[in-house]
Every structure is written in C-alpha cells, then in structure tokens.
Amino acid sequence: MSRIKRDDMVEVRKGRERGKRGRVREVLANEGRAIVAEINVVKKHVKPGQQARQAGIIDMEAPLQLANLALVCSKCGKPTRVGTRLLEDGSKSRYCKTCGELT
Ligand SMILES: [Zn+2]
C-alpha cells in the first residue's frame, strides 16, 4: 500500500519545487511517482492532433518522485510521516505521526 494516495495534500521535500504544496492528481505506483496539481509544471511543445487542437506550448505537470513528497496532515496541517494502524475491524488506517490523528 502506498503511503500517498490520490487527493492527498502533499508538500515537496526536495528539488526545485521544495516547500510547495499541492493535491495529488494521480499516483503512478509502478514508477514510484505522483502527479501533483500545479507542481513541477513544464512546458511541452505539441503539434495539432496530439493532445491539443492547436500547435503550441502547453503547461503540463511532470511526475515527482514519491520519496520526495511528504503527506500534509489534514488535521494539524504539517508535513508529516505516516504510520499505519490496525483498526478494530481489521482494516488498516493511516495516521499522522505528528499529531496522532487518523488521516
Ligand atoms: Zn497531524
């Protein structure tokens, strides 16, 4: 199970986007990377008929290494490490190691 999931709020810990926060659009589990909204935006040249109707340059979010992302706790608002806790019904749940709240 990945510690970061779609729609999580994350903070970038390394690289040129360090310190920025965004919401996870998609986790590319096989690559160990994730696409985060508004983060690591790169310019991409396109020809008509590919992704765009018109030729030109589009902004595109490039994937980031999961190892360089930290989950931002929805309870305490801090980038945090995530623990896994076994609930009474046998399911696993993530919790924030900073404040102890389930996320
Ligand atoms: Zn917390």
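Scoring rules and cut-offs
- Residues numbered from 1 in each chain as written.
- Predicted model: local features only at pLDDT ≥ 70, side-chain atom pairs only at ≥ 80, totals over all residues.
- Heavy atoms only, no water.
- Helix = DSSP H or I, 4+ residues; strand = E, 2+ residues; numbered from the N terminus.
- Contact = heavy atoms within 4.5 Å.
- Pairing = 2+ DSSP bridges.
- Domains from an automatic or database assignment.
- Buried area = accessible area lost by both parts, 1.4 Å probe.
- Salt bridge = Lys/Arg side-chain N within 4 Å of Asp/Glu carboxyl O.

Caption draft 1: Spatial organisation of the side chain of T80. Looking at the element boundaries, T80 is found in strand β8 (residues 79–80). For T80, the residues in contact, after removing those within four places along its chain, are A70, L71, C73, C96, K97 and T98.

Caption draft 2: The sheet that holds strand β2 (residues 21–28), seen in detail. Strand order in the open sheet made by the six strands is β6-β3-β2-β1-β7-β8, with antiparallel pairing throughout. With one partner strand each, in any of the chains shown, β6 (64–65) and β8 form the two edges of the open sheet. With four bridges joining them, β2 and strand β3 (residues 33–36) adopt antiparallel strand pairing. Considered in β3, the bridge of L28 is made with R33.

Caption draft 3: Quick peek at the domain arrangement of the protein chain. When cut into domains, the protein chain gives domain 1 (9–72) and domain 2 (77–103). The centre of domain 1, based on its C-alpha atoms, is set 26 Å off from the matching centre of domain 2. The partner domain 2 presents seven residues to the six residues of domain 1 that form the contact. Surface buried jointly by domain 1 and domain 2 totals about 460 Å² across both partners, of which 63% is contributed by carbon and sulfur atoms. Contact with domain 2 buries surface across domain 1, with R21, L71 and V72 losing the most and accounting together for 81% of the total. Joining domain 1 to domain 2, the criterion identifies zero salt bridges.

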